[in-house]
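# Observations on chain architecture
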Amino acid sequence: MGKSPVPKENLEHESTFAPWTETALRLTLAIVFLFLFLVGVKALETGISALGSDFVDDVFASVATPLAGLAAGILATVLVQSSSVTTATIVGLVGSGVLTVEAAVPMVMGANIGTTVTNTLASLGHLRQSAYFQRAFAAATVHDYFNILAVLVLLPLEIAFGLITKIAQWASARADGLLPAVEGSSPIKDAVKAPVTWIRDIFDSLGWIGAEATLLLVLGILLIFLSLWAITRQMKLVMSGRIENAINTVLSKGAGISAMVIGMLMTMAVQSSSITTSILVPLVAAGVLTLQNAFPVTLGANVGTTITALLASVAAESPDALTIALAHVTFNLLGILIFYPLPKLRRIPIYLAERTAEAAVKNRSLVGVYLVGVFILVPLGILLIA
Amino acid sequence: MFSIFKDADQLDTVEEQLLEMLASCQDTFDLATGAVFGDLDVTEAGNQLAVIDQDLNKTERAIRRELLVHGTVRGTEMNQGLMLAYMSVAKDIERIGDYCKNIWNLAQMGINLSTGDDREELVEHVTRVRTLLGESLAAFGEQDMDKVHDLVPGIKQDTIHYDNHLVEFVNSDLPGRVAAPRALFYRYLKRISAHLSNVLTSVVMPVDRIDFYKKSKAVDNVDDL
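Residues numbered from 1 in each chain as written. Chains lettered and ligands numbered in written order. Predicted model: local features only at pLDDT ≥ 70, side-chain atom pairs only at ≥ 80, totals over all residues.

### Overview of the overall build of chain A
Counting its regular elements, chain A contains 17 helices and 0 strands. Scaling as 2.2 N^0.38, a compact globule of 386 residues should have a C-alpha radius of gyration of about 21 Å, and chain A matches this with 21 Å. Reported as C-alpha extents along the three principal axes, the dimensions of chain A are approximately 60 × 55 × 40 Å. The buried share of chain A, reckoned over its 386 residues, is 51%. Once local pairs closer than 6 in sequence are excluded, the contacts in chain A between residues at least 24 apart make up 82%. (Helix = DSSP H or I, 4+ residues; strand = E, 2+ residues; numbered from the N terminus. Rg over C-alpha atoms; globule rule 2.2 N^0.38 Å. Buried ≥ 20, exposed ≤ 12 C-beta atoms within 10 Å, placed from the backbone. Contact = placed C-beta atoms within 7 Å.)

### Re the environment of I167(A)
Residue and element names in this part refer to chain A. Secondary-structure assignment places I167 in helix α8 (residues 163-175). When the 18 C-beta atoms within 10 Å are taken as the criterion, I167 is described as partly exposed. When the C-alpha atoms of I167 and F331 are compared, they prove to be 9.6 Å apart, with 164 residues separating the residues in sequence.

### A word on the packing of helix α4 (residues 83-95) of chain A against helix α14 (residues 307-315) of chain A
All names here are of chain A. Viewed as axis vectors pointing N to C, α4 and α14 meet at an angle of 30 degrees, and their least axial separation amounts to 9 Å. In the crossing of α4 with α14, the sense of the turn from one axis to the other is right-handed. Contacts from S84, T87, A88, V91 and G92 of α4 reach α14 at T308, A309, A312 and S313. Split into classes, the residues belonging to the contact of α4 with α14 amount to 4 nonpolar, 5 polar and no charged. (Axes fitted to C-alpha atoms, helices over the stretch in contact; angles between N-to-C directions. Left-handed = near helix turned anticlockwise from the far one by under 90°. Nonpolar A, V, L, I, M, F, W, Y, C, P; charged D, E, K, R; others polar.)

### Brief notes about the nonpolar core
Most often, soluble globular proteins have nonpolar side chains that are buried together. Judged by nonpolar contacts, the single largest core of 178 residues is most densely connected at V91(A), A104(A) and A139(A). Not counting residues up to four positions away in its chain, the partners in contact with A104(A) are I90(A), L93(A), V94(A), L99(A) and I324(A). (Core = buried A, V, L, I, M, F, W, Y, C linked by C-beta atoms within 7 Å.)

### Considerations on helix α12 (residues 273-285) of chain A
Residue and element names in this part refer to chain A. Counted at 1.5 Å a residue, the expected span for α12 with its 13 residues is 18 Å, and the 19 Å between its end C-alpha atoms agrees. Most of α12 is tucked away: 13 of the 13 residues are buried. Once α12 ends, the next one or two residues include G287, with phi positive near 90 degrees. (Expected span 1.5 Å × (residues − 1).)

### A few points about the environment of R61(B)
When you line up the elements, R61(B) lands in helix α2 (residues 42-74). Measuring from C-alpha to C-alpha, the distance between R61(B) and P206(B) comes to 24 Å, with 145 residues separating the pair along the chain.

### Some points on the packing of helix α3 (residues 66-80) of chain A against helix α5 (residues 101-114) of chain A
If you want to describe how two helices pack, look at the angle between their axes and the distance between the axes. Residue and element names in this part refer to chain A. At a closest axis distance of 6 Å, the pairing of α3 and α5 adopts a crossing angle of 40 degrees. As judged from the angle between their axes, α3 and α5 are oblique. When the axes of α3 and α5 are compared, the crossing they make is right-handed. Across the interface between the two elements, P66, G69, L70, A71, A72, G73, I74, A76, T77 and V78 from α3 touch A103, P106, M107, V108, M109, G110, A111, I113 and G114 from α5. (Parallel < 35°, antiparallel > 145°, perpendicular 65-115°, else oblique.)

### What about the environment of S83(A)?
All names here are of chain A. Within the secondary structure, S83 sits in helix α4. Owing to 31 C-beta atoms within 10 Å, S83 belongs among the buried residues under this scheme. Considered as a pair, S83 and V108 are 25 residues apart in the sequence and their alpha carbons are 8.4 Å apart. Sequence-distant contacts of S83, that is, excluding residues within four places in its chain, are made with T77, A111, N112, G114, T115, S273 and T305.

### A word on the confidence of the model for chain B
With 94% of its residues at a pLDDT of at least 70, chain B reaches an overall mean of 90. Our summary of model confidence lists the complex with pTM equal to 0.81 and ipTM equal to 0.75. (pLDDT = per-residue confidence, 0-100.)

### Here we look at helix α4 (residues 119-142) of chain B
Residue and element names in this part refer to chain B. An ideal rise of 1.5 Å per residue puts 34 Å on 24 residues; α4 measures up with 35 Å between its terminal C-alpha atoms. Those residues of α4 lying buried are L122, V126, V129, L132, L133, S136, A139 and F140. Against α1 (10-36), α5 (145-170) and α6 (176-204) lie the buried residues of α4. Once α4 ends, the next one or two residues include Q143, with phi positive near 55 degrees.

Written as structure tokens, this is what we have:
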């Protein structure tokens, strides 16, 4: 059917452009914003380097223990509602030498937990109807529980043996030569460095030499935040039809590795795991997608979101930036390897999410306690104690 | 898993599914009336009808899921009007299939409408509905607003006509075995026509007025502007 069988008045958001022109335009914009994102990482890295050793000591002292790093990662991500922003910033911190890979790994784990707050908040939109809310809250908290369980298992192993760091360092060493100039200069690094140098020159010409480091730091974070938001928005619009296709495939064919791969590809395309997981919540709430089938898509989203840190590492000077980005990948892959293959272990986060949702429906005040407790009070307490 | 690489407007898929459903209704109507007029074997027609009915129900559920996915993925970019219109249209088409099944149920109960004196009139009504199903399919598929404005008033007249017959048979002194199936048959024709009219109104009426046809309120009516 070439024409839509409904009145034109019912058609909204009709595009002025031909679909391919619009897609090409949006993809071009996404590439421009990706460049700005890399410039942001570079500006952040340069700003941090220019702040001097006192700042480095302060930052390092604040996340000196792994638990403090974990808590800082959770709180920072809850604050910006995006693990991509947090991990890109961590990559900048590691790239500038402020943080060691070992100190940054717990922060990355924290970012993984913190990012789940977005879809937990999204599930609150279903509070009106108990059955819907129960399913929505379970769909949201299964992501929380998986990440918390993965941290409970992997953080002690990281502290004791440096497991994730060692795997990431091994992978990073293998990537040297495969990826464009992990160490040293590359056309991408040079292209990204140029605007930062221009900005520094402008600051110098304005006589802001004293505040240059702080301004670069703030500008870097702003650029990372805004460009990621813009990339996500453009890519979501470009990918909507494909995402609908992919979700319909998950609905018709059910769970499994393919659902996980779909979740990963969707997230890589839109650069946001929150977009993917927040799409799942209403579908589970409406009852068209089961929690068991949504779970592997969520795990795929966890892996897909690591693409941001990998991209950020392209702009960084130190090869450690790539190592921490690979540590993010390693953490999520290990989490899946531990909790997904064996059905009994796979059931644990699902079981916990279902029980929490049941309790939340019986006592709505638990929702607030859970949200504030898991995402604010516990990490804040850990940070204060540590 | 490669579905993510395939770009497609899901609403196109839904539109195709709606047309397939409507085309299936033509088949179910032919099978049901063929059985109740003794032209087809009742059991054989029933078996074929059951298969089509299952498909209709399955497609209706698929459309609901696809519309939900469309709304969830697109967020504020979704086509709200179209989504609501298609939900309504899918339900109407599914109901047409159900009423065809009810006509077949008459045949299953041993009713043969070809044996009465009113055979010719009944056949005329069946032919009329069959023609309307075909014309509606074309008008809906082509989004032919003029054709819809031609068809809907006629269908409204038909439903009044069927209703009069229904009242006539309910109050008649004829034996129950003659009057009751005819009353039911007219009732089913009336409902099929009414649901068909609803499907067509979605082409010309604003979303809040789907099912409530009034030419002066149609979106293509410029007289009031």
